[in-house]
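# Survey of secondary and tertiary structure
These are the residues of each chain, in order.
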Amino acid sequence: MGECGCQFEAKNKAQRQVLTVLLMVNALMFFVVMIAGIIAGSTALVADSLDNFADAAVFGISFYAIGKNKGKKNRAALYSGIFQITLAGFALVNVLKRFFFGVEPESSLMIAIALLSLIANVFCLFLMAKHRHQDIHMRASWIFLSNDVIANLGVVIAGILVTLLHSRFPDLIMGLILAIIVLGGGIKIIRETQSKTLQRS
């Protein structure tokens, strides 16, 4: 037996509440991490901030998709994937630029901001956990958050290696890895969206 209208409305309301918090947290972290990345001269932090920006956009699109039909939800997830791939391109350009013109980043600031971002993303992941299997747009949000946690841990490791090796290359390598993670997340969402569309046809 299908869910009644009140159950749908309760689920939609819960999704809106969670996505609102996630949107605000990621929008705030985008500015914090981006500014810190510029100050620290860190490619990895800049790439991480773009990931936060991508997530904020994804959560906004997912918020729009709540209560819509499956076709619109799939399109919302598709747009999220395309947007994330676009931001991955910007991150890759930044890595290339800093490879030729960058200097050794400020590792202590890298580690501190990455740890702060990790705490924020673990909190968001906890809020999203029970919603991750409900709809394709919520699944997209879960995937992006999971990538964020991995990215934050990577930046912490890169900061430690910069300190130990006195080299900018751990930062550059991690920036490249994060750009690839962002790219992979976008591709994964697009593939899932196409799979859902084929199942409906």
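The structure presented is a predicted model; accordingly, all values stated were derived computationally and were not measured. (Residues numbered from 1 in each chain as written. Predicted model: local features only at pLDDT ≥ 70, side-chain atom pairs only at ≥ 80, totals over all residues. Heavy atoms only, no water.)

## Thoughts on unusual backbone geometry
At His-166, a residue that is not glycine, the phi angle is positive and equals roughly 55 degrees. Relative to the assigned elements, His-166 resides in the loop between helix H5 (136–165) and helix H6 (169–200). (Helix = DSSP H or I, 4+ residues; strand = E, 2+ residues; numbered from the N terminus.)

## Brief notes about the environment of Asp-148
Tracing the backbone through its elements, the reader meets Asp-148 in helix H5. Separated by 96 residues in the primary sequence, Asp-148 and Asn-52 place their C-alpha atoms 7.6 Å from one another. For Asp-148, the residues in contact, after removing those within four places along its chain, are Asn-26, Asp-51, Asn-52, Asp-55 and Asn-121. (Contact = heavy atoms within 4.5 Å.)

## Here we look at the side chain of Gln-84
By the secondary structure assignment, Gln-84 is in helix H3 (residues 70–101). Excluding residues that lie within four positions of it along the chain, Gln-84 makes contacts with Asp-51, Ala-54, Val-58, Phe-144, Asn-147, Val-182, Gly-185 and Gly-186.

## Points about the UniProt feature "transmembrane region" (unreviewed entry) in the chain
Residues annotated by UniProt as "transmembrane region" (unreviewed entry) correspond here to residues 21–47, 53–69, 76–96, 108–128, 149–166 and 172–190. In residues 108–128, helix accounts for 100% and strand for 0%; the two terminal C-alpha atoms are 30 Å from one another. Its end C-alpha atoms 27 Å apart, residues 172–190 is made of 100% helix and 0% strand. (UniProt positions renumbered as here; feature names shortened; annotations may be inferred.)

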